[in-house]
Amino acid sequence: MAVNGGRGRGGGRPTLEEVAARAGVGRGTVSRVINGSPRVSDATRAAVEAAVAELGYVPNTAARALAANRTDAIALVVPEPETRFFAEPYFSDMLRGVGAELSDTEMQLLLIFAGGDRERRRLAQYLAAHRVDGVLLVSVHADDPLPDLVAQLGIPAVISGPRSAAEALTSVDSDNYGGARSAVEHLLSRGRRRIAHITGHMDVYGAQRRVDGYRDALADAGLTEGEHLIEEGDFTEEGGHRAMTRLLEREPALDAVFAGSDVTAAGARQALRASGRRIPDDVALVGYDDSAIARHMDPPLTSVRQPIEEMGRAMIGLLLTEIADRRPPESAAPERRHAVLATELVVRTSS
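Residues numbered from 1 in each chain as written. Predicted model: local features only at pLDDT ≥ 70, side-chain atom pairs only at ≥ 80, totals over all residues. Heavy atoms only, no water.

With an unreviewed UniProt entry as reference, the chain is termed LacI family DNA-binding transcriptional regulator, source organism Streptomyces andamanensis.

Now the structure itself:
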């Protein structure tokens, strides 16, 4: 088949309609392929890409964006201080997955911090001007108004970790309940009975689900008097140290700790060692995330692996679908999707 040489039927630049005709698909399907939507079969994508190559079609990005009221930009919004973003591996892993999934599209990624009131006001103005096609929300607390603002503006959005079981936005999460259960069941299998839990922020739904998993695993083992062994943390190293210190004062005979994150576990480890406890001889320690911190800790930390990078990829896939299927404000709300990815316990010498 001869290559058209970049000319359409009239001798000008090939059009979207000509690509559709060559590929034997509709104009909308061609648009989805060009915009990187995952809602296209491999065979159809290959046919469209072949037609694009044969005709020499080059998308006019600026014109297409203007005509479709598009910006070809996505905002990754983190309602946390910048210091936490750069200190915790969770965020870098999430960003890596998002970036990898976007690399084959023409979308640009904007990283926006909204940890303070001034930043949130500025973000609200920015989003109200519709300067992005979609929003990814990461590390959102239950009372955060940002998700509702995005929904009111009609901007496609995906949230990492629902705010509750009734989350109205499309969401991606890991199995926090199952991950916590596996951590506690592992500690029980090692003969531990006084198992403490240092939580994350309790206004984060994922932290609540981990507490549920912790409680249910203990209850199934006949251990129902563990509420005094739960101490709230904040997913930070300092918070882990403070919580561990309080737990040791309250229950000196505890023999295991399940921490809400690897960073929290690092703080707990410092407090345990300062008190003369040996890990795992006196107190077994399990973290959450299976980050580089877990692998490099002394002793290496048993941790629940949640597929953070895969979660970032899944968020982009769902968001691109929502952008491609965007409806007028007066139409019915689209169906929201909720993806939950499996966790895995990685056993090391700390337990």
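There is more to say after this.
(A) How the structure looks around the packing of aromatic side chains. Summed over all chains, the structure comprises six aromatic pairs. Centroid distance F85 to F91: 5.3 Å. Interplanar angle 35°. Geometry classified as tilted. Relative accessible area serves as the criterion here: at 6%, F85 is assigned to the buried category. Among the aromatic residues, those joined into a ring-pair cluster are F85, F86, Y90, F91 and F113. Its guanidinium or amino end placed over the ring of Y288, R210 lies 3.7 Å from that ring's centre, counting from NZ or CZ. (Phe/Tyr/Trp six-rings, centres within 6.5 Å; stacked < 30°, edge-to-face > 60°. Buried < 20%, exposed > 50% of the residue type's maximum accessible area, 1.4 Å probe, protein only. Lys NZ or Arg CZ within 6 Å of the ring centre and 35° of its normal.)

(B) Inspection of helix α3 (residues 42–55) at higher detail. End to end, α3 covers 20 Å across 14 residues, agreeing with the expected 20 Å (1.5 Å per residue, within 8%). Turning to α3, its buried residues number three or more, namely R45, V48, A51 and L55. The buried side chains of α3 occupy one side of the element, clustering within an arc of 130° when seen end-on. Counted as exposed and oriented over 90 degrees from the buried face of α3: D42, A43 and A53. Its buried side turned inward, α3 meets α1 (16–23) and α2 (27–34). Directly beyond the C-terminal end of α3, a positive phi value near 70° is found at G56. (Helix = DSSP H or I, 4+ residues; strand = E, 2+ residues; numbered from the N terminus. Expected span 1.5 Å × (residues − 1). Arc of directions from axis to C-beta. Contact = heavy atoms within 4.5 Å.)

(C) A look at the sheet that holds strand β10 (residues 302–305). One open sheet accounts for six strands, arranged β7-β6-β8-β9-β10-β12; its pairing is mixed. With one partner strand each, in any of the chains shown, β7 (230–231) and β12 (344–346) form the two edges of the open sheet. Two strands pair when backbone bridges link them, and strand β9 (residues 284–289) and β10 are joined in this way by four bridges, in the parallel orientation. Within β10, the position partnered with Y288 by the bridge is V304. Each of β6 (195–198), β8 (256–259), β9, β10 and β12 touches helix α9 (residues 176–189); the most contacted strand, β9, lies at about 165° to it. Packed on one face of the sheet, helix α12 (residues 262–274) meets β6, β8, β9 and β10 and runs near 155° to β9. (Pairing = 2+ DSSP bridges. Axes fitted to C-alpha atoms, helices over the stretch in contact; angles between N-to-C directions.)

(D) Highlighting the confidence of the model for the chain. Scored by pLDDT, the chain comes out at a mean of 88, with 91% of its residues at no less than 70. Predicted confidence is poor over residues 1–7, with pLDDT under 50, and the contacts of this stretch with residues over four places away or in other chains come to 15 contacts. (pLDDT = per-residue confidence, 0-100.)

(E) Looking closely at the sheet that holds strand β5 (residues 170–174). On the basis of which strands lie adjacent, the open sheet formed by six strands has the order β2-β1-β3-β4-β5-β11 and parallel pairing. Whereas interior strands pair on both sides, the edge strands pair on one side only; in this sheet they are β2 (108–113) and β11 (338–341). With strand direction ignored, the average angle separating the axes of adjacent strands in the sheet is 20°. The pairing of β5 with β11 spans four bridges and is classified as parallel. Residue D173 lies in a different strand from β11, and its bridge partner there is V340. Helix-sheet contacts for helix α6 (residues 89–102) involve β1 (73–78), β2, β3 (134–138) and β4 (157–160), and the interaxial angle to β3 is about 155°. Along the sheet, helix α7 (residues 117–128) contacts β1, β2 and β3; its crossing angle with β2, the most-contacted strand, is approximately 150°.

(F) Structural view of the packing of α2 against α3. At their nearest, the axes of α2 and α3 sit 10 Å apart, and the two run at 90° to each other. Between α2 and α3, the interaxial angle falls into the category roughly perpendicular. Of the residues in α3, those in contact with T29, V30 and V33 of α2 are T44, R45, V48 and E49. Here the contact of α2 with α3 is composed, by residue class, of three nonpolar, two polar and two charged. (Parallel < 35°, antiparallel > 145°, perpendicular 65-115°, else oblique. Nonpolar A, V, L, I, M, F, W, Y, C, P; charged D, E, K, R; others polar.)

(G) Main features of the environment of L153. The residue L153 is located in the loop between α8 (146–152) and β4 in this model. Each C-alpha atom of the pair L153 and E231 lies 38 Å from the other, and the pair is 78 residues apart in sequence.

(H) A look at unusual backbone geometry. Residue P280 is bonded to the preceding I279 through a cis peptide linkage, with omega at 5°. Counting through the fold element by element, P280 comes out in the loop between α12 and β9. Here the amide bond leading from D298 into P299 is cis, since omega sits at -5°, within 30 degrees of zero. Tracing the backbone shows P299 in the loop between α13 (292–296) and β10. Backbone geometry places D72, a non-glycine residue, at a positive phi of 55°. As for its position among the elements, D72 is in the loop between α4 (61–67) and β1.

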